[in-house]
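# Observations on the model geometry
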Amino acid sequence: MSKENLQMPDEKGYFGEYGGQIIPPPLIEIMNEINDAYDKVTQTESFQQELQQLYADYVGRPSPIYFAQRLTDEVGGARIFFKREDLNHTGAHKINHCLGEALLAKYMGKTKVLAETGAGQHGVALATACALVGIDCEIHMGEIDIEKEHPNVTKMKILGCTLVPVSRGTRTLKDAVDSAFEEYLKDPANYFYAIGSVVGPHPFPKIVRDFQSIVGKEAREQFLAREDRLPDVLIACVGGGSNAMGLFTAFLEDEDVRMIGVEPAGKGLDTDEHAATLTLGTKGAIHGFECYNIQDKDGNPLPVYSIASGLDYPGVGPQHCHLKDIKRVTYEAVDDQACLDAFMQVSRLEGIIPALESAHAIAHAMKIAREMPDDKTILVNLSGRGDKDADFVAERLSL
Ligand SMILES: *Cc1c(COP(=O)(O)O)cnc(C)c1O
């Protein structure tokens, strides 16, 4: 891996052909201000100290590396390890970048942090970070999602954010994005739009990746310390791609470490119900940047589907697109059934209920472990815990 690749994106926010700022000129100016402030602020001792302290005392970092002995014995072949992001405060990796973004907004003197949320995971993580940092938070959410995601809606209310129900159009995530963005445009100089993954216009794919890269930094050290070598394979699920970039970034230069991103094949790659953006998508623009997209021939985003609501995004982070093209990372797809099987097996063999998102990554690890010798190792990013999915799975499987 060349240095050039590690220093991505370039000045215009491109990772090879992907990324950039596909937004109106006044907004480009605002994004560039955020970029400058980010570069400056994150180099200061006080910002880094505050963030590292919060990662340690508030999030509970470093999250452990765990050897899944019983799962490994059951599957056979390579040993399977988990990076336990499910043990973080709020139960997933999202708190890593939400804390960073909320802190950056505070350092920049912004008055309000805004975002949309679909299933409510990003909303809860951001509302948590904003409560802690002491900055106003406004979350836009479709009315249909509000009905479906009751526990997360309640949590956001308790955490003190302003929840804005979106009643237009589909009354789901797509219209919540438009609604939140309109509010943002009312005063972009004083508001901060906190993007929930390594997507959106430059500099967000970079900012979110950097805040998440703590995951791989820790994992690399922890794995070396306990196994005296690096893992042979890294696996992470990919929605927008933040937990995967978080794990992969520290290993990009380690040419012997294979990396696999796992997308949702949903009800099958031969149906319309999947969100396998990198596997089946074509290049186009969405939400202010260029990437592989699930789109019609006129470039309009098509509906996507996954059993895991955190993975159903029609685009994907620009760095993943580049890493696919240069063949540094391979991308595979796992369907609903394999995801559910992995969810149940890990729950019953390890006493760990994984998020349905993370279960996609585990399913693929189980599939390839079988074909690998038992002196090889696989490290899976266990991006979140599955409490949020427990009722749904129990009903689906008539437990
Ligand atoms: C949101 C979420 C994801 C997907 O987001 P990425 O940006 O692709 O990481 C994965 N796992 C969990 C537990 C999530 O909450």
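Summary of the structure given here. Starting afresh in each chain, residues are numbered from 1 along the sequence in its written order. Selection of residues for local features in this predicted model requires a pLDDT of at least 70, selection of side-chain atom pairs for listing and counting requires 80 or more, and totals for whole chains, interfaces and linings are taken over all residues. In computing side-chain properties, one takes all heavy atoms of the structure into account and sets aside hydrogens as well as water.

### Focus: the overall build of the protein
Counting its secondary structure elements, the protein contains 17 helices and 14 strands. Computed over C-alpha atoms, the radius of gyration of the protein comes to 20 Å, within 12% of the 21 Å expected from 2.2 N^0.38 for 399 residues, which places it in the range of a compact globule. Dimensions of the protein, computed from C-alpha atoms along their principal axes, come out at roughly 55 × 45 × 45 Å. Burial classes follow relative accessibility: with a 1.4 Å probe on protein chains only, a residue under 20% of its type's maximum area counts as buried, one over 50% as exposed, and anything between as partly exposed. When burial is assessed residue by residue, the protein has 59% of its 399 residues classed as buried. Here, residues are in contact when the closest pair of their heavy atoms is within 4.5 Å. Taking as baseline every contact in the protein between residues at least 6 positions apart, the subset at least 24 positions apart corresponds to 73%. Here, Shrake-Rupley sampling with a 1.4 Å probe gives the accessible areas, and only protein chains in the shown set may cover a residue. A total of about 16400 Å² of accessible surface is found on the protein, and carbon and sulfur atoms cover 49% of it. Note that His is not counted, nor are the chain ends; the positive residues are Lys and Arg, and the negative ones are Asp and Glu. Where a charge sits is defined by one atom per residue type, namely NZ (Lys), CZ (Arg), CG (Asp) or CD (Glu). In the protein, which carries 39 positive and 60 negative side-chain charges, the distance between the mean positions of the two groups comes to 2 Å. Strands are runs of DSSP state E lasting at least two residues, helices are runs of H or I lasting at least four, and both sets are numbered from the N terminus onward. Computation of the radius of gyration draws on C-alpha atoms alone. For the globule rule, the value is 2.2 Å times the number of residues to the power 0.38.

### Quick notes on the packing of helix α2 (residues 25-41) against helix α9 (residues 173-186)
Axis lines are fitted through C-alpha atoms, for helices just across the contact stretch, and the angle between N-to-C directions can take any value from 0 to 180 degrees. Contact geometry of α2 with α9 gives a least axis separation of 12 Å together with a crossing angle of 85°. The angle between α2 and α9 falls in the class roughly perpendicular. Of the residues in α9, those touching α2 at L27, I30, M31 and I34 are F181, Y184 and L185. Among the residues making up the contact of α2 with α9, the classes are represented as 7 nonpolar, no polar and no charged. Roughly parallel refers to an angle under 35 degrees, roughly antiparallel to one over 145, roughly perpendicular to one between 65 and 115, and oblique to any angle outside these ranges. When residue character is reported, Ala, Val, Leu, Ile, Met, Phe, Trp, Tyr, Cys and Pro are called nonpolar, Asp, Glu, Lys and Arg charged, and the others, Gly included, polar.

### Thoughts on the pattern of salt bridges
Throughout this description, the term salt bridge denotes a Lys or Arg side-chain nitrogen within 4 Å of a carboxyl oxygen of Asp or Glu. Taken as a whole and judged by the stated rule, the model has 22 salt bridges. Put simply, E138 and K112 hold a salt bridge, and the shortest N to O gap is 2.8 Å. In this pair, E138 sits in strand β6 (residues 136-142) while K112 sits in strand β5 (residues 112-116), placing the two residues 26 residues apart along the sequence. The exposure classification of E138 matches that of K112, with both residues buried. As a salt-bridge pair, D387 and R385 come within 3.6 Å of each other at their nearest N and O atoms. A residue is classified by how much of its surface remains accessible, and R385, at 35% relative accessible area, is partly exposed. Sharing partners across several salt bridges, the network here consists of R61, K83, E85 and E218.

### Side note on the site of the ligand
What makes a residue near a molecule or strand is one non-hydrogen atom of that residue sitting within 4 Å of it. Surveying the vicinity of the ligand reveals 16 residues, the closest of which are K94, S197, G239, G241 and S242. In this structure, an oxygen atom belonging to the ligand sits 3.0 Å away from a side-chain N or O atom of H93. Within the complex, the protein chains bury 97% of what would otherwise be the 380 Å² of accessible surface of the ligand. Polar contact is the term for a pair of N or O atoms within 3.5 Å; when the atoms are in protein, one must be able to donate a hydrogen and the other to accept it, and sequence-neighboring residues count only if both atoms are side-chain atoms.

### Overview of helix α16 (residues 356-369)
Expected helix span is computed as 1.5 Å times (number of residues minus one). With 14 residues, α16 ought to run about 20 Å at 1.5 Å a step, and its terminal C-alpha atoms sit 20 Å apart, in line with that. For α16, the buried fraction is high: 13 of the 14 residues fall into the buried class.

### Focus: the sheet that holds β6
Two strands qualify as a pair provided that DSSP identifies no fewer than 2 bridges between them. Spatial strand order, β7-β6-β5-β8: 4 strands in an open sheet with parallel pairing. Two strands close off the open sheet at either side, each with one partner strand: β7 (162-166) and β8 (191-193). Along the sheet, successive strands turn relative to each other by an average axial angle of 25°, direction set aside. Across 3 bridges, β5 lies against β8 in parallel orientation.

### A closer look at the packing of helix α6 (residues 121-133) against helix α8 (residues 150-158)
For the pair α6 and α8, the least separation of the axes is 9 Å and the interaxial angle reads 20°. It follows that α6 is roughly parallel to α8 by the angle criterion. Seen from above, α6 lies across α8 with left-handed handedness. Touching Q121, G123, V124 and A127 of α6 are N152, K155 and M156, all from α8. Taken together, the residues that form the contact of α6 with α8 break down as 3 nonpolar, 3 polar and 1 charged. Rotating anticlockwise by less than a right angle from the far helix to the near helix defines a left-handed crossing, while the corresponding clockwise rotation defines a right-handed one.

### Side note on the packing of aromatic side chains
Pairing of aromatic side chains requires ring centres within 6.5 Å, counting the rings of Phe and Tyr and the six-membered ring of Trp. Pairs whose planes differ by under 30 degrees are stacked, by over 60 edge-to-face, and all others tilted. Across all of its chains, the model carries 11 aromatic pairs by this definition. Seen from their ring centres, F47 and Y107 are 5.1 Å apart, and the 75° between their planes marks the pair as edge-to-face. With F47 in helix α3 (residues 45-59) and Y107 in helix α5 (residues 94-107), the pair connects residues that are 60 residues apart, well separated along the chain. Both a distance and an angle decide whether a charge sits over a ring: NZ of Lys or CZ of Arg must be within 6 Å of the ring centre and within 35 degrees of the ring normal. Geometry around Y191 places K112 over its ring, the cationic atom sitting 4.4 Å from the centre. Sitting above the plane of the Y292 ring, K324 keeps its charged end 5.8 Å from the centroid.

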